[in-house]
Structure formats: C-alpha cells, structure tokens
Amino acid sequence: MAKKMKLSDITSMFAGMDVEALEGVTIEGDIEIDLGGLGGGFDPMLAAALGQESAILAQHFARLAGMFGYPVGIGAPAAAPAVSPALAAPKLKDLIPAKFDVANIAEWTTQIQEVPIGNTSADGGSRGKRVVVGGEKALPFFPDAPMPNRNQVTIDVFDMRIGLAKAVKENYDEVMDSPGEWAKKNVEKFNADMITIHLISTDPLIKDTPAKEAAKTVEEVLQAVDVPIAIGGSGNPQKDPEVLARAAEVAEGERCLLASASLNLDYAAIAEAAIKYDHDVLSWTQLDMNAQKELNRKLMKQCNVPRDRIIMDPTTAALGYGLDYAYTNMERIRLAALMGDDELTFPMSSGTTNAWGARESWMVSSPLKEDSDWGPREYRGPIWEIVTGLSLAIAGNDLFMMMHPTSVAVLKQITQTLFGMIDTEQVDIAKWIGAEV
Amino acid sequence: MKINSPLEAYKYLPQTNCGECGEATCMAFASKLIDRSGKTSDCPPLVKEKKFAKKLAELDRLLAPEIRQVTIGAGEKAVNIGGDDVLYRHKLTFFNKTKMFFDVADNMEEAALVARVKQIAGYKKFYVGRNLLLDGVAIRAVSNDPVKFAAAVKKVAEVGIPMIFCSFNPAVLKAGLEAAKDKNPLLYAANKDNWKEIGELALEYKVPVVVSAFNDLDALKTLAKTFAEAGIKDIVLDPGTYPTGKGLKDTFTNFLKIRRAGIMGDTEIAYPIMALPFTAWMAGIADPVSASYWETVMASVFTIRYGDIMILHSMEPYATMPEVHLAETIYTDPRSPVAVDSKMYKVGNPTADSPVLFTTNFALTYYTVESDLSSNGIDCWLLAVNTDGIGVEAAVAGGQLTADKVKDAFDKAGFDLKTAVNHNTVITPGLAARLQGDLEDKLGASVKVGPMDSGRLPGWMEKNWPPKK
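Residues numbered from 1 in each chain as written. Chains lettered and ligands numbered in written order. Predicted model: local features only at pLDDT ≥ 70, side-chain atom pairs only at ≥ 80, totals over all residues. Heavy atoms only, no water.

Within an unreviewed UniProt entry, the label attached to chain B reads Acetyl-CoA decarbonylase/synthase complex subunit gamma, and the organism entered is Methanosarcina horonobensis HB-1 = JCM 15518. Per its UniProt entry, chain B bears the Pathway (unreviewed entry) comment "One-carbon metabolism; methanogenesis from acetate." Recorded under Subunit (unreviewed entry), the UniProt text for chain B is reproduced unchanged: "Heterodimer of delta and gamma chains. The ACDS complex is made up of alpha, epsilon, beta, gamma and delta chains with a probable stoichiometry of (alpha(2)epsilon(2))(4)-beta(8)-(gamma(1)delta(1))(8)." (UniProt positions renumbered as here; feature names shortened; annotations may be inferred.)

Chain A has the name Acetyl-CoA decarbonylase/synthase complex subunit delta in an unreviewed UniProt entry, where Methanosarcina horonobensis HB-1 = JCM 15518 is given as its organism. Checking UniProt for chain A, the heading Sequence similarities (unreviewed entry) contains the comment "Belongs to the CdhD family." Recorded under Function (unreviewed entry), the UniProt text for chain A is reproduced unchanged: "Part of a complex that catalyzes the reversible cleavage of acetyl-CoA, allowing growth on acetate as sole source of carbon and energy. Probably maintains the overall quaternary structure of the ACDS complex."

Given below as structure tokens:
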C-alpha cells in the first residue's frame, strides 16, 4: 500500500501539459472533437436531448410548482423572544452527553448480480486476469454492507484514427494507427483494468469495414494485452449485430463484453453470439429506467442470457449536459435493484468519455465574454471527465469507459479510497486554519 | 417534514375555501404546503385568527424540514443551507444548493486579500440562462491575533458577501464579531476545548455556529445537543474532513450516517453539515494542479453526499467550474424540466439574409443550440417553440411540437417569414424532420432539415446556406 497518495505519478504528465497549454490557448478555433466518432451509441448530445424523458415521467408523480417559495423560518417562532442582556447569565455549564446511533437501511435486501469479465486459462481463456463487477448489497461505499468488488476502468481504443479533444489526443497520437499498440499503452502506461475496442470504422457512413476485417482488429487487441476486453460496434444498428457476432466468434472463450445490445437493433443476434461464444452483454438504453427493465427482461426471457452475463449501460450524459438525469437514473436503478427489482439487479457501466462532448472540457475559451475566465482547457477536460465519472460512481456505477490518463488515475484514486483500499498517513486536520497554502 | 400528503395538511387548515391565499380551495393550498411552493403564512385566517393558533403551530412543526435550515450572512447575498427532507433527490428534490466558501488568510497583504475576495464575489459561469456563482469567504485566523483578524474581517465585510470566521480562539472570533456587526457570519468552530466560550459568543451575537469533533459522532452530537438545550438553534456540524486514505473513507461514512439519522428523525443531530475540501492542501500533494484536482474531487463527493456548505481554496477555473456545475446538477429539481420563454431570439446580429431556425423551449436544448450558433459566429433568428419544456425528439413524439405549434409561435412572436427575411426559409431540427411537409404547408415557406445535433450546425451551414434557388 502506498504511504502517500500517488498523485505524484501524474504530476509529470501535467508538467508536459504545461507547455501544451500555452499552445492550446493561442490556437484559435482549434476544435478537434467529433461527437459522432465516439460510436457505440455514446452520443452525448443525443443523450442530453433524451434526458428530459425521465424528468417527464417524474412529473407524473409529483404536483408541480416553482420550488423557489421555500418557507423561510417554518418551525421557528416568527420573532425570537427578546432576551434582555441584563438577565443573560451563562447558559452553558456542562456538556449533555449524547450517543450517536443510526440503523442500516432495512429495505436493502437484494444483492446486485456479480458479473465476471475475461477468462483466464483456468476458465478456458487466455486473459491474465479476470475482473468482476457488481455484488453490492448497499449503495456504493455505504457502511451498510461491504462492497465486494471495486470499480473498474476500461480505456477506449478505436480501430481507426479519429478526432479527439486535444488534451486526450496528445496522449495517444503515436499509437492511433495501431489498435494493438494503443491497447498496450493503455494497460502498461495508463493502468487500464480493461480495454474497450470500438470498431467504429465498420459504420457504412465511415469506412464500412467488413465484419471479417474488424474481427481481425479484435484478435490483434486480444494478442496485444492480456486484460479482459470490451468490444464496441460503430453504433450503426443495422451493421452492429453482424460485426459484434463476428468479433464474438474470433474471441470465443475470452468472455469479452459485447457493446451493446439495445432496443433499436437486433439484440437477439448479439445475445445469441454472447451465449454461443462465451461472452457478456452490455444492455444499453437511453436514460429510461422502464426501457432498461424491458431490454433486460427481453435478454433474460426471450434470449435466455444468464443473469451473470448482463451489464447495464443506462447512458451517461455529461456534467452540465444532463448529468442530473443520468445521475438520478442510475441511483434509482440501483435503489430499485437493492430493494428487489430483479430486472435491474445488474452492475452498471458508463460511457464516461461522453464528458469530452461538454464544451467546458474542450473549448479553448468561453464563448461568452461575461463568464469568468475558463483557464487552460488542458486542465479543464480531465477534471470534467473525473467529476462526471465520480458522480456516477457514487450513484451506483461499476465500470467506467474512459479516455484521459489523468482522469483514469484520479478516478481510480478516489473510488479506491472510498472502497477502503488506500491507506495513507493520517493528516492532522486540526491545523487546517493555520495551514500555509 | 413529518407529513407528506395534502390530506394530512388539510386537517390543520380553516377548511372554508375562502380563497384569500389565492387558491380556490383549502385542499389546493394544502398541496402547495406539501410541495413547499406555499407556506403557512400565506393563509391569512390561519395566521390572524386566534382560534387557529394551536393548529398553526402544530402544522408548522409538521411541515418543518427534517434538517434544520440555517442562514449565513445578511442582506440579499445571505445564503441558506440545510432544509432537506430526503436522502435521494428523486424522492423530492434537494433544497439549498451546497454553498461554496473560499478561504482568505488574515495575514495576507491587504491588496492581495481584497483582490481575492473580489475575485470570489465576482465569479460567474453562465449556465441555462443564469449565472452560477460562488457564495462566500472563509477568513482563516492564521495570525491568531484578534487585532489582525478584525482588520481582515473589516476588509472582507466591505465586499458584502457572507463570511465564515475560522478560529478555535474565542478572543479572535469575538474581535471578528465586533468588527462585523449584523453581518451574521458563521462561527467556526466550537470543539471539546472551547465550546463554553464559543457557545456564549453564538448566544450573545445571535450568529450561527459550527460544532466540531473530528471523526467522533458521539462527541459531535454531545456538542450539538448541549448547544441546542442552551437555546442555540443555528448549528452546523463539522465531523472533520480527512483528505486521503481511510480517513477520507471515514469522513464519507460519517456524512452518510449523520444525514441518515437526521432524515430519520434524530432531531439532536439534524443540522447542516460542513465539508472542508480545503484539507486537500494538507495532504502532501506537491503539484498545485494535482492538489486542485483533489480538492475538486473531495468537493464533488460531498456535494453529492450531504455536504451543505464547504470551504475551499483553489480558485483555478478548472477547479471551480466543475464544482459549481455539479452543485447545480445535484440540486436541480428532478421533477420539472427547466424552460426558457417561448419567443424569437436573436443570435448575434441577424439580418434579412440570416437563417431562421427553431427549437424547443426546454432550457438544456435551447441553450445548447443557442450556444452552438453563437460560439461559431452564426448570426441567425432562433425561435423557441413552447413544448412545455420538453426536448425536440420527445416533443415530436408526444405532440408538443407540431407544425401548428411552430406556426403559432411565429405568429405570437410577430415574425412574418415573408417580410422579416428575404429567403422565406426555415431550418427544422433534424430530430423533427418528419414535420417538414406539414410545416411547408402551414408556413407557406421552404423548410430545410438541419442536422440531428446542433453541434453540427456550423458544418451544415457551410453546405446548405444560403439556400440555393
């Protein structure tokens, strides 16, 4: 265990970025992000546009009214009785002892399904390790029950060079033409628990790479690294089932995570490939708990996918772009699951990379003159991804699909701290008032 | 709140349907009490007539939020913290967004201190039609000298923003209170050593006070209970915020336990909680960017899990911007979409040659589109159609966005496509493509289908604008 927090590891990265930061500020209109390129159904603006769906549903459950009329001072007398200073004697003589106690939440009766990803040689695969997500009996990091499995981070790899925010791209520029090298760098240098290979070039509107050829990329990645992998399509509902089925076939026995089954494509074909070739399925819906239940039900009942092969992606809308809906959607899903809704008792995954769609994460400066200074975007982007992911970690998310190395490092640091894995010297916080900063 | 149905609140009302509150019936008024859009003082008979006094008192008790609401500061910038009734925002909503106070030290050079306080007070970040702001200044008595502290307080008080006085020394805090009469600062803090003196100060100056016991909830509750019995109502809890390792995990657990106990009815600890992400700067993180990041991470954790007020240090934009956005995110009412006025907006300086677009009045949609256009320097006319605050795709599906509604919106805005512009063309959102034919009929204009995502409007404009004859 580390004696001190290992943020020093990323300091060097920042040092490198210092120089870049100046460059970034001076280059005008340097917009290098392509939302469509993220593929796999992770379209942040679409997600944000759909975000209000859950809010509309919620509307039906509550009488609406402006919330600004909060009754100030309710419960207190309108005017405090005046105390004559002459009569005021010291009121504080002795401490009145009190014991603090609070019960655990009794309604949390159901455990979230544990889902393994990756087969080691013992499981009939070639992965060097297996990760397990899920298994919680309480909200994440709550004291009611131990959380058996920590959060896991899978770092994205794409099967072609794509447009990325500058702060992200500079970490990958030299490996972007080789998915294998890219995957290796993610594991060896950036400490990825898993790799996600996005086969976006298969999109008929991009390169229309045949499924057979895309499958070779999957093989390349499987050989380059021995961590478990997730396989993402292009997000094209016509092409994805074929692409994922073919990829599943070449990855037979490796227990990959196929991303994604959704209601708008042939989810049965993806489910079938998962069962036949020994993989897990990512069940993806857009910020709608009832749609999530429907898809999970179909995967289980129609397609006979075993419970320990389903992970949900209820959609990540970025901070400032619908995270309020994404957060509450996940929290409601997790709470319903803990209280026994067996159509929702699955671990969750987040396309945290969506945070890079938020303009605060990549834009050179604020488009609005009235805003306080936004500062260098090289520092804004990673923290935007961290806060987006961290919020969802607290809401119940288990697996994070991420991109920026700093974001990965810090998200791991905080989630593993809250998980209880990290020990440090205790800081004497009583001295905070006089601290030299 | 001890009750949650209008029927229960109705029992305590006059039940005369007199209408003096502005509602048609007492039952309607009861609903407003339950969802906190109305307060008992809005019912004149209840307040004025002696025979209702007992019912009023009882109703106020039943309606009081589980977590006490505490006010810090005075005047229009005063802030409220606490006041919550639920553990999860979807159950009701979280009230009183987490308040962010940034530190100054009383040994700072005066010019630097004033500059920093002004920076804090002047911070703003535009978001869905308003500005996200910072809330106040925490003055740390680094000098431990009453005279120096009072001088710093005077300087900060001039800016007129809420203050927290930070010292464990009663003499220092007293000097601060004397220097800032009627500013209602929050005193930090009473602990096991100084609680008598600090408690007396809180009583004498009638100011809110923090009780502090690091990682010891029995001691924290003991202090809170002792103060409450002595007549101090405005209490804030500091269970200690450890910046790293098992200490931080313990802190997280403490926050959860305190809030859970409070919501579940333990009134002796049902007070707002203070977090100190500031302690990130004590964790031995050498690089200031990394320390800022860690402070933001701590602030995020405690914005989500029950920190009502916090003291922070880094004013770097990459630290504050996500902090204010997250607080807004967690404290937005999850029950009602935010909407903008339905009308014709000018983006940039549009002329008769400029494109005409429409979108919905759902704030997230509208401001995203507006920002995509303005940030790319596209001068245009942008009509926000009233869809009851619902986004494009859902509104098309649900019938809130139709050709008739769009025509209606143009008419109400007094915008005649045939005279206001010289191209008689409207651009519809890609997600409303199916309205195209209907719109052409209703508007008598040419309708072009724009991209699915407004982020692609600039590229789309290059190819499609001006329209070919």
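Picking up where we left off.
Draft legend 1. Representation of the sheet that holds strand β3 (residues 152-158) of chain A within the structure. Residues and elements named next belong to chain A. Read from one edge to the other, the open sheet built from eight strands follows the order β8-β7-β6-β5-β4-β3-β10-β9, with strand pairing classed as parallel. The open sheet has two edge strands, β8 (310-313) and β9 (349-350), and neither has a second partner. With three bridges joining them, strand β5 (residues 229-232) and strand β6 (residues 257-261) adopt parallel strand pairing. Residue pairing in the sheet places alanine 230 in a bridge with leucine 257 of β6. Its contacts with the sheet put helix α5 (residues 179-188) on β3 and β4 (194-198), and the angle it makes with β3 is roughly 155°. (Pairing = 2+ DSSP bridges. Helix = DSSP H or I, 4+ residues; strand = E, 2+ residues; numbered from the N terminus. Contact = heavy atoms within 4.5 Å. Axes fitted to C-alpha atoms, helices over the stretch in contact; angles between N-to-C directions.)

Draft legend 2. Just unusual backbone geometry, in detail. Following A:Ala259, the chain continues to A:Ser260 via a peptide bond in cis, the omega torsion being 10°. If you trace the backbone, A:Ser260 turns up in strand β6. A positive phi angle, close to 65°, is found at B:Arg36, a residue other than glycine. With respect to the element layout, B:Arg36 can be found in the loop between α2 (26-34) and α3 (44-48). Positive phi, close to 65°, is recorded for B:Asp182, a residue that is not glycine. Relative to the assigned elements, B:Asp182 resides in the loop between α7 (170-179) and β8 (186-190). Among the residues examined, B:Asp182 registers a relative accessible area of 74% and is labelled exposed. (Buried < 20%, exposed > 50% of the residue type's maximum accessible area, 1.4 Å probe, protein only.)

Draft legend 3. Broad picture of the domain arrangement of chain B. Splitting chain B by domain gives domain 1 (6-63), domain 2 (67-331) and domain 3 (344-464). Centre-to-centre, using C-alpha coordinates, domain 2 of chain B lies 45 Å away from domain 3 of chain B. (Domains from an automatic or database assignment.)

Draft legend 4. Looking closely at the pairing of β5(A). Residues and elements named next belong to chain A. Residue alternation in β5 divides its side chains into two sets, Ile229 and Ile231 and Ala230 and Gly232, and both sets are buried. Pairing of β4 with β5 involves four bridges; the strand directions are parallel. Counted as the bridge partner of histidine 198 is glycine 232 from β5. Regarding topology, helix α6 (residues 211-224) serves as the crossover connection from β4 to the parallel β5, and that connection is right-handed. (Right-handed = clockwise from strand over helix to strand, strands pointing away.)

Draft legend 5. Quick look at the sheet that holds strand β7 (residues 163-166) of chain B. Residue and element names in this part refer to chain B. With respect to topology, eight strands assemble into an open sheet ordered β10-β9-β8-β7-β6-β3-β12-β11, the strand pairing being parallel. The strands lining the two open edges of the sheet, one partner per strand, are β10 (235-238) and β11 (274-275). Inspection of the sheet shows strand β6 (residues 136-140) paired to β7 by four bridges, in the parallel sense. Of the residues in β7, the one forming a bridge with arginine 140 is cysteine 166.

Draft legend 6. How the structure looks around the interface of chain B and chain A. Taken together, the contact between chain B and chain A spans 117 residues of the former and 115 residues of the latter. Taken together, both faces of the contact between chain B and chain A bury some 10,300 Å²; the carbon and sulfur share is 68%. Three residues stand out in chain B for area buried against chain A, namely B:Arg260, B:Tyr293 and B:Arg335, and they jointly supply 7% of the buried area on that side. Summed over the shared surface of chain B and chain A, the result is five salt bridges. Across the pair A:Glu360 and B:Lys125 runs a salt bridge, and its minimum N-O distance is 2.8 Å. The interface formed by chain B and chain A includes 29 residue pairs in polar contact (both at pLDDT 80 or more). Counting residues per element, the side of chain B that touches chain A draws most heavily on helix α10 (residues 245-263) of chain B, at twelve residues. Split by residue class, the side of chain B that touches chain A holds 54 nonpolar, 35 polar and 28 charged. (Buried area = accessible area lost by both parts, 1.4 Å probe. Salt bridge = Lys/Arg side-chain N within 4 Å of Asp/Glu carboxyl O. Polar contact = N/O pair within 3.5 Å; in protein donor to acceptor, adjacent residues only side chain to side chain. Nonpolar A, V, L, I, M, F, W, Y, C, P; charged D, E, K, R; others polar.)

Draft legend 7. Just the pattern of salt bridges, in detail. Tallied over the full model, the rule gives 47 salt bridges over all chains. Residue A:Lys99 is joined to B:Asp218 by a salt bridge in which the shortest nitrogen-to-oxygen separation is 3.0 Å. Linking A:Lys99 in the loop between α3 (52-59) and β1 (115-117) with B:Asp218 in helix α9 (residues 217-229), this pair reaches from one chain into another. The exposure class of B:Asp218 is partly exposed, given its relative accessible area of 24%. A salt bridge links A:Asp173 to A:Arg161, with the nearest nitrogen and oxygen atoms 3.0 Å apart. Of this pair, A:Asp173 sits in the loop between α4 (166-169) and α5 while A:Arg161 sits in the loop between β3 and α4; the two residues are twelve residues apart in sequence, bridging distant segments of the chain.

Draft legend 8. Geometry of the UniProt feature "domain: CO dehydrogenase/acetyl-CoA synthase delta subunit TIM barrel" (unreviewed entry) in chain A. UniProt annotation of "domain: CO dehydrogenase/acetyl-CoA synthase delta subunit TIM barrel" (unreviewed entry) refers to residues 115-365 of chain A when read in the numbering used here. Counting secondary structure, residues 115-365 of chain A comes out at 33% helix and 15% strand; the distance between its end C-alpha atoms is 42 Å.

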